[in-house]
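# Breakdown of the fold
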Amino acid sequence: MKSLTRCAAVLVSALHLAAAATVTYDFNIGWVTANPDGAFDRTTIGINGKWPIPQIDANIGDNVIVHAHNQLGNQSTSLHFHGLFQNGTAHMDGPAQVSQCSIPPGGSFAYNFTINQPGTYWYHSHTGGQYPDGLRGPLIIHDPKSPFKGQYDEELVLTVSDWYHEQMATLLPAFNSKGNPTGAEPVPQAALFNETQDLKVAVQPGKTYLFRMVNIGAFAGQYVWFEGHNISIVEVDGVYTQPAEAEMIYLSAAQRCSFLLTTKNETSANFAFIASMDTTLFDVLPDDLNYNVTGWLTYDDTKEFPAPALVDELDPFDDITLVPYDNITRFGEPDKTIEFNVIMDNLNDGANYAFFNNISYKAPKVPSLYTALSAGDLATDPTIYGEYTHSFVLERDEIVQIVVNNLDSGRHPFHLHGHNFQALYRSEEEAGVFEDANVTEADFPKIPMRRDTFVLYPDGNIVLRFKADNPGIWLFHCHIEWHVTSGLIATMVEAPLDLQKSLTLPQNHLDACAAQGIATVGNAAGNDVDFTDLKGQNAPPGRLPDGFTTRGKVALAFSILSGIIGVVAVALYGLAADPSAHNTQDNIHSKAAATAVTQTGQSHQTAGSLNSSEANGETEPKEVLVGAGTGAGAGRTS
């Protein structure tokens, strides 16, 4: 029987009864074979020869050290510890070319940080859209002083995810190509609980369980519900909340939710729990797609495991109504407001890209953190980080407001590294931009909910607010991995002068860069002489022109002219007397009928010879080509 990964809360607490400990993990990251949906064996990224990868457990206050050894052979990698603020250790955040160089094949890297926040998190690759290949797992920080301690008997960790049968190395080039001009994201083949299907979770009657749930998927948001049981939400994204009763929740990619569930007092039946992928995100629904995954609360494994019942509607709890347990009030009016418009559009390579305000992210030649550390006083100049990192420099302790207007018809879960934020406002779908919402400061909640990943609705808007009290280089991005790879990223450069005073890069950081020939000083273009000179910076393909170029106008003119000539030629040809008909008429008068029949046969043979010549490329029947323009490729010029 497949079993649920259990947080051994009693054991972990026993191991940490003393003061904060050092918790060390050695991870050999390499390829294994997996088949979690029973449909297709595929090469998957595992750790220490196993997949699913290990859960990281620690107590609040612990020092965590992760020794990562890249044994993939053909891919670089890095690890991001999603939701951890990395206070004082911004160089341990993990995104390649942001806070570090990626770990090359054969290389090793030590992540070393202290955790001062409790809750439910996860870790995953943050290099090259890699984590959907399997490098993703839960990270749980236990809190001996949790306000809910004593209200439950056991902790259970439950991940939900989507699964692809193809590797990202195959899917990404096809997705980011001119062959996919609409930017249609690949649809996953399956949904998973704890990286498997048909999961059975053994429970005992009359007990209360703390479920820690994480969506570690690449794309699909998930509706989740437990038949015959309600839940009480007590934490989202590491933030304790006032208990909130719910029948159904929605978890986007990267979101977490912890809830209390009390079992029934008898064991007469087992109960299904279900995750249903948000199919509004998908451009197509393949006929063979099963967008649901089912598990069971197992009271008695000798009894039936019933199929889930149909639901009338998907109506999840609205997370913006949650109230943080600590009752922290709304930050004051912002010192800085950043407004983003989300746009999906094509560039001149024909592929579809994602944009914040007409900028599609492109990683710099020097990791942005290293630029901040090596730029001296120029570190406060956002331009040195490169036009296409879309960087904003924040002063320490500024109140920063981010407004995101969705000019796209899909949902987007936005994540901020290094912080959680207060979610002040979210419009309904199709509401347009925030500027037109007629919402004022007085309309925002006095005690807003906080989390680090928040969903923006189609053609709607959101307002987020946070305090810039954590020096570092922090990404703000959509957590749909397809949109990360297509550029929906901006960079927050927070208190860079403070970083220079407090941070020294470890040697293994410098070694990872040296092994790949990547500079560790300089601006986004790798220029360490003149930080304001960005010649040679990495850039996405060029913009499509607004309207026709001169070349396009000339091509269009010649196409129109050719069409007119073709029409005239066909008309004249049709109106002209038929010479063969005239000759035949003369022959009727001057020759016997047998001769006329012979000429007709010769005429047919001549036509046949012309067609054979055309097939061999020897001649062109001009009258056939002049009038072309109604078939496939009509009007195309070369």
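Cut-off values and rules
Residues numbered from 1 in each chain as written. Predicted model: local features only at pLDDT ≥ 70, side-chain atom pairs only at ≥ 80, totals over all residues. Heavy atoms only, no water. Helix = DSSP H or I, 4+ residues; strand = E, 2+ residues; numbered from the N terminus. Buried < 20%, exposed > 50% of the residue type's maximum accessible area, 1.4 Å probe, protein only. Areas by Shrake-Rupley, 256 points an atom, 1.4 Å probe, with all protein chains shown as cover. Pairing = 2+ DSSP bridges. Arc of directions from axis to C-beta. Phe/Tyr/Trp six-rings, centres within 6.5 Å; stacked < 30°, edge-to-face > 60°. Lys NZ or Arg CZ within 6 Å of the ring centre and 35° of its normal. Contact = heavy atoms within 4.5 Å. Salt bridge = Lys/Arg side-chain N within 4 Å of Asp/Glu carboxyl O. Core = buried A, V, L, I, M, F, W, Y, C linked by side-chain atoms within 4.5 Å. Disulfide = S-S within 2.5 Å. Axes fitted to C-alpha atoms, helices over the stretch in contact; angles between N-to-C directions. pLDDT = per-residue confidence, 0-100.

## So, the overall build of the protein chain
Along the protein chain, the regular secondary structure elements total 10 helices and 31 strands. The buried share among the 638 residues of the protein chain stands at 51%. In the form shown here, the protein chain has an accessible surface area of approximately 28000 Å², with 52% of it arising from carbon and sulfur atoms.

## A look at the pairing of strand β22 (residues 352–356)
Walk down a regular strand and you will see the side chains alternate between the two sheet faces. For β22, the buried fraction is high: five of the five residues fall into the buried class. Residues of β22 alternate between two faces, with Asn352, Ala354 and Phe356 on one and Tyr353 and Phe355 on the opposite face, all of them buried. Sheet topology places strand β21 (residues 336–346) next to β22; five bridges connect them, and they run antiparallel. For asparagine 346, the partnering residue across the bridge sits in β22 and is asparagine 352. Counting the residues between successive antiparallel strands, the hairpin from β21 to β22 contains five residues, one of them, glycine 350, with a positive phi of roughly 90°.

## Some thoughts on helix α2 (residues 168–175)
Residues of α2 that are buried include every one of Met168, Leu171, Leu172 and Phe175, and no others. The buried residues of α2 occupy one face: seen down the axis, they fall within an arc of 95°.

## Looking at the packing of aromatic side chains
Aromatic ring pairs are reported here in terms of the distance separating the ring centres and the angle at which the planes meet. Going through the model one piece at a time under the given rule, you end up with 28 aromatic pairs. Note on phenylalanine 340 and phenylalanine 476: the rings are 5.8 Å apart at their centroids and 15° apart in plane angle, and the pair reads as stacked. Linking phenylalanine 340 in strand β21 with phenylalanine 476 in strand β30 (residues 472–478), this pair joins segments that are 136 residues apart in sequence. With respect to class, phenylalanine 340 is no different from phenylalanine 476; both count as buried. Within the aromatic cluster, the residues linked to one another by ring pairs are Tyr25, Phe27, Phe81, Phe109, Tyr111, Phe113 and Tyr123. Taking NZ or CZ as reference, lysine 200 lies 4.8 Å from the ring centre of phenylalanine 305, over its face. Above the face of the tyrosine 250 ring, arginine 411 is positioned so that its terminal group lies 5.0 Å from the ring centre.

## Section: unusual backbone geometry
That bond from tryptophan 51 to proline 52 is cis: its omega, 5°, falls within 30 degrees of zero. The phi dihedral of alanine 254 is positive, around 90°, even though this residue is not glycine. One can find alanine 254 in the loop between β17 (248–251) and β18 (256–262). You will see that glutamate 430, though not glycine, has its phi angle at about 65°, which is positive.

## Here's the deal with the environment of proline 105
For proline 105, the position within the fold is in the loop between β6 (79–82) and β7 (108–114). Note: C-alpha distance between proline 105 and asparagine 70 (35 residues apart in sequence) is 5.3 Å.

## Describing the side chain of glutamine 100
Note that glutamine 100 resides in the loop between β6 and β7. The residues contacting glutamine 100, other than those within four sequence positions of it, are Ser78, Gly94, Pro95, Phe109, Tyr111, Pro367, Tyr370 and His509.

## Side note on the pattern of salt bridges
Inspection of the entire model under this criterion finds 18 salt bridges. Aspartate 278 is the partner of arginine 411 in a salt bridge, and the nearest nitrogen-oxygen pair spans 3.8 Å. In this pair, arginine 411 is assigned in the loop between β24 (399–406) and β25 (412–416) and aspartate 278 in the loop between β19 (271–277) and β20 (292–298), connecting sequence segments 133 residues apart. Two residues, arginine 396 and aspartate 498, come together in a salt bridge whose shortest N-O distance is 3.1 Å. Residue arginine 396 is located in the loop between β23 (391–394) and β24, and its partner aspartate 498 is located in helix α5 (residues 496–502); the two are separated by 102 residues in the primary sequence. Among the residues examined, aspartate 498 registers a relative accessible area of 23% and is labelled partly exposed.

## Comments concerning the nonpolar core
Formed by 142 residues in total, the largest nonpolar core has its most connected members in Phe81, Tyr111, Phe226, Ile249, Phe414 and Phe476. One finds Tyr152, Leu210, Tyr240 and Leu260 within the second-largest nonpolar core, a separate group that totals six residues.

## Things to note about the state of the cysteines
With the rule as written, the count across this model stands at one disulfide. Residue cysteine 101 pairs covalently with cysteine 513 via a disulfide, S to S 2.0 Å. The sign of the S-S torsion, about 100°, decides the handedness of the disulfide formed by cysteine 101 and cysteine 513: right-handed. Linking cysteine 101 in the loop between β6 and β7 with cysteine 513 in helix α6 (residues 507–514), this pair joins segments that are 412 residues apart in sequence. The same class applies to cysteine 101 and to cysteine 513, which are both buried.

## Examining the sheet that holds strand β26 (residues 421–426)
Strand order in the open sheet formed by six strands is β22-β21-β24-β29-β26-β27, and the pairing between neighbours is mixed. Each end of this open sheet is capped by a strand with a single partner; those strands are β22 and β27 (449–451). Strand after strand, the sheet turns through a mean of 30° between neighbouring axes, direction not considered.

## Concerning the sheet that holds strand β8 (residues 119–125)
Taken together, the four strands give an open sheet; going across it, the order is β4-β9-β8-β6, and neighbouring strands pair in mixed fashion. The open sheet has two edge strands with one neighbour each: β4 (56–59) and β6. Recorded for the sheet is a direction-independent mean angle of 20° between the axes of neighbouring strands. As paired elements, β8 and strand β9 (residues 136–142) share six bridges and run antiparallel to each other. When the bridges of β9 are listed, tyrosine 123 appears paired with glycine 137.

## Here we look at the confidence of the model for the protein chain
Per-chain confidence: the protein chain averages 88 in pLDDT, with 84% of residues scoring 70 or above. This model gives residues 1–18 a pLDDT under 50, and the stretch forms 37 contacts once residues within four places in sequence are excluded. Below a pLDDT of 50 lies the segment residues 580–638, which in the model reaches 17 contacts outside its immediate sequence neighbourhood of four places, other chains included.

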